Amino acid sequence: MKVVIIGGAGGIGSSAAFNLLSAQGTYEIVLVDTRPHMITSHTMDLENALGLGTTADTVRGGTPEDALDADVVVLSAAVPLRLNSSRSVFLADNARIVEECLRPVREAGADFRGVVLMLTNPVDPLLTWVHRQGWLPRERLIGYTLNDSLRLRTGIAFALGVPVKDVGAWMLGEHGEGQVPLYSRVTVGGERVALTEAQRTVAEEYVDTWYAKHVALDSGRTSTWTTGLGTARIIEALHTGSGTVVPASVVLDGEYGVYGASLTVPVELRPDGARRIVTWDLPAEELAGMSRAAANVEAAASELTAHHATQLS
């Protein structure tokens, strides 16, 4: 599987490349960035790490044109992280970056047969906006949002005093303010668990404040390790087509009562994208949360669409 990582010189892009070396399957990893010396530095380092791998992976630097025959194009390019209160502040700036980075595969039309895995934030409106341009079907546009569910699992583990690895929990909806925790489906050690209000409060405090606390550190870094490993796991699921269900943002067409907006839902992946969206029967409260999240994404995506149309006119 050929994986082209646009933004490969950054922390997340290089972390994704590193973690792919330990993933199931064999990968041709191509790092693309506007900082050639950083790409060379990473590839020199990763070439040596290949000696510790178990499969015949390859890694090299490349150009945007490498994306044309890629199986997966990972888009992690973005403006530098700065102090903020919401990922939405990056919408306009990152839309310009997404537009430029995806130009080669968009112009290739039907010749591009790969999957776009978007990490650039705010991922839901950006993915919705790209889909509305009409050049790629929804099953081949996937947004990375696994971290929301991982943070929910961590918060629940803290609330219950159990290892994080034992907790099963899902965060659907928007990657941001409109996230929808599925307390109706929490498990510990594979067994369903009902959280008390106090336990929910502890979990929600962790989840709701994580982003603000991290950005307030003004470290200049993003969730490098989590997103890098999570991205590798998503690509691994795409590659193997094993039937693993993961949380990911995809454009919905009636699932969970949402039309035309990209939200996080349970998705089964295969090499050519989303095989199916798993639809669970949600309680009314959680279903209403999905509707509110869709309204947030719709508003942001419509703003981008209108702005783009104005620029073209």
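Calculation rules
- Per chain, the residues get numbers from 1 upward, laid out in the order the sequence is written.
- A pLDDT threshold of at least 70 governs which residues receive local features in this predicted model, and a stricter bar of 80 or more applies before side-chain atom pairs are shown or counted, although totals over entire chains, interfaces and linings include all residues.
- With hydrogens and water excluded, all non-hydrogen atoms of the structure serve as input to the side-chain values.
- Helix and strand assignments follow DSSP, with helices taken as H or I runs no shorter than four residues and strands as E runs no shorter than two, numbered in order from the N terminus.
- It is over C-alpha atoms that the radius of gyration is taken, and the globule rule equals 2.2 Å times the number of residues to the power 0.38.
- The rule is simple: take the accessible area with a 1.4 Å probe, protein chains only, and divide by the maximum for that residue type; under 20% is buried, over 50% is exposed, in between is partly exposed.
- The contact criterion used is simple: two residues touch if any of their non-hydrogen atoms lie within 4.5 Å.
- His residues and chain termini do not enter the charge count, which takes Lys and Arg as positive and Asp and Glu as negative.
- Note on charges: their place is set at NZ of Lys, CZ of Arg, CG of Asp or CD of Glu.
- Without a salt bridge and with relative accessible area above 30%, a residue can belong to a patch; like charges are then joined within 9 Å and nonpolar side chains (Val, Leu, Ile, Met, Phe, Trp, Tyr) within 5 Å.
- Using the Shrake-Rupley algorithm and a 1.4 Å probe, accessible areas are obtained, with residue cover drawn only from the displayed protein chains.
- The term salt bridge refers to a side-chain nitrogen of Lys or Arg lying within 4 Å of a carboxyl oxygen of Asp or Glu.
- In this description, a line fitted to the C-alpha atoms serves as the axis of each element, helices being fitted only across the stretch in contact, and the angle between N-to-C directions of two axes falls anywhere from 0 to 180 degrees.
- Any angle from 65 to 115 degrees is called roughly perpendicular, while one under 35 is roughly parallel, one over 145 is roughly antiparallel, and all others are oblique.
- If you view the pair so one helix is near and one far, a crossing is left-handed when the near helix is turned anticlockwise from the far one by less than a right angle, and right-handed when it is turned clockwise.
- Side-chain classes are defined by residue name, with Ala, Val, Leu, Ile, Met, Phe, Trp, Tyr, Cys and Pro counting as nonpolar, Asp, Glu, Lys and Arg as charged, and the others, Gly among them, as polar.
- We define a nonpolar core as any set of buried Ala, Val, Leu, Ile, Met, Phe, Trp, Tyr and Cys residues linked to one another through side-chain atoms lying within 4.5 Å.

Draft legend 1. Highlighting the overall build of the protein. Secondary structure summary: the protein contains 9 helices and 14 strands in total. Relative to the globule expectation of 20 Å for 313 residues, the C-alpha radius of gyration of the protein, 19 Å, shows essentially globular dimensions. Structurally, the protein occupies a C-alpha span of about 55 × 50 × 40 Å along its principal axes. The proportion of buried residues among the 313 residues of the protein is 53%. Of the contacts formed within the protein by residues at least 6 apart in sequence, a portion of 70% connects residues at least 24 apart. The positive charge centre, built from 25 side chains, and the negative charge centre, built from 36, are 1 Å apart in the protein.

Draft legend 2. Quick peek at a negative patch on the surface. Side chains of Glu 197, Glu 204, Glu 205 and Asp 208 sit close together on the surface and give a patch of like negative charge. Assignment of secondary structure puts Glu 204 in helix 7 (residues 197-216). Residue classification places Glu 204 among the partly exposed positions, given a relative accessible area of 31%.

Draft legend 3. Structural detail: the pattern of salt bridges. Per the counting criterion, the structure on display carries 14 salt bridges. With a closest N to O distance of 2.8 Å, Asp 66 and Arg 60 form a salt bridge. A salt bridge links Arg 270 to Asp 272, with the shortest nitrogen-to-oxygen separation between them at 2.6 Å.

Draft legend 4. The arrangement of the packing of helix 6 (residues 146-160) against helix 7 in detail. Orientation of helix 6 relative to helix 7, taken along the N-to-C sense of each, is 140°, at an axis distance of 8 Å. By the criterion of interaxial angle, the relationship of helix 6 to helix 7 is oblique. In this structure, helix 6 crosses over helix 7, and the sense of that crossing is right-handed. In this structure, helix 6 contributes Arg 151, Leu 152, Thr 154, Gly 155, Ile 156, Phe 158, Ala 159 and Leu 160 to the contact, and helix 7 contributes Gln 199, Val 202, Ala 203, Tyr 206, Val 207 and Trp 210. Grouping the amino acids of the contact of helix 6 with helix 7 by side-chain chemistry returns 10 nonpolar, 3 polar and 1 charged.

Draft legend 5. Up close: the environment of Leu 160. Turning to its location among the elements, Leu 160 is positioned in helix 6. A sequence separation of 29 residues divides Leu 160 from His 131, and the C-alpha atoms of the two residues are 40 Å apart. Apart from the residues lying within four places of it in its own chain, the contact partners of Leu 160 are Val 188, Val 193, Leu 195 and Gln 199.

Draft legend 6. Expanded view of the nonpolar core. Ranked by size, the top nonpolar core spans 53 residues in total, and within it Val 3, Ile 29, Leu 117 and Ile 235 carry the most contacts. Sequence-distant contacts of Val 3, that is, excluding residues within four places in its chain, are made with Leu 20, Tyr 27, Glu 28, Ile 29, Val 30, Val 72, Val 74 and Ile 235. Val 30, Leu 102, Val 105 and Trp 135 belong to the second largest nonpolar core, which has 29 residues in total.

Draft legend 7. Highlighting unusual backbone geometry. In the segment running from Asn 121 into Pro 122, the intervening peptide bond is cis, with an omega of 0°. Relative to the assigned elements, Pro 122 resides in the loop between strand 5 (115-118) and helix 5 (123-132). Look at Asp 218: it is not a glycine, yet its phi comes out positive at around 55°. For Asp 218, the position within the fold is in the loop between helix 7 and helix 8 (224-240). Positive phi, normally seen in glycine, also occurs at Tyr 256, with a value near 55°.

Draft legend 8. Quick peek at the packing of helix 3 (residues 91-101) against helix 5. Running from N to C, helix 3 and helix 5 cross one another at 45°; their axes reach a closest spacing of 11 Å. Of the possible angle classes, the one that applies to helix 3 and helix 5 is oblique. With respect to the hand of their crossing, helix 3 and helix 5 are arranged in right-handed fashion. Together, Leu 91, Asn 94, Ala 95, Val 98 and Glu 99 of helix 3 and Pro 125, Leu 126, Trp 129 and Val 130 of helix 5 make up the contact between the two elements. Considering only residue class, the contact of helix 3 with helix 5 consists of 7 nonpolar, 1 polar and 1 charged.

Function cannot be inferred from these measures alone, as they are strictly geometric.
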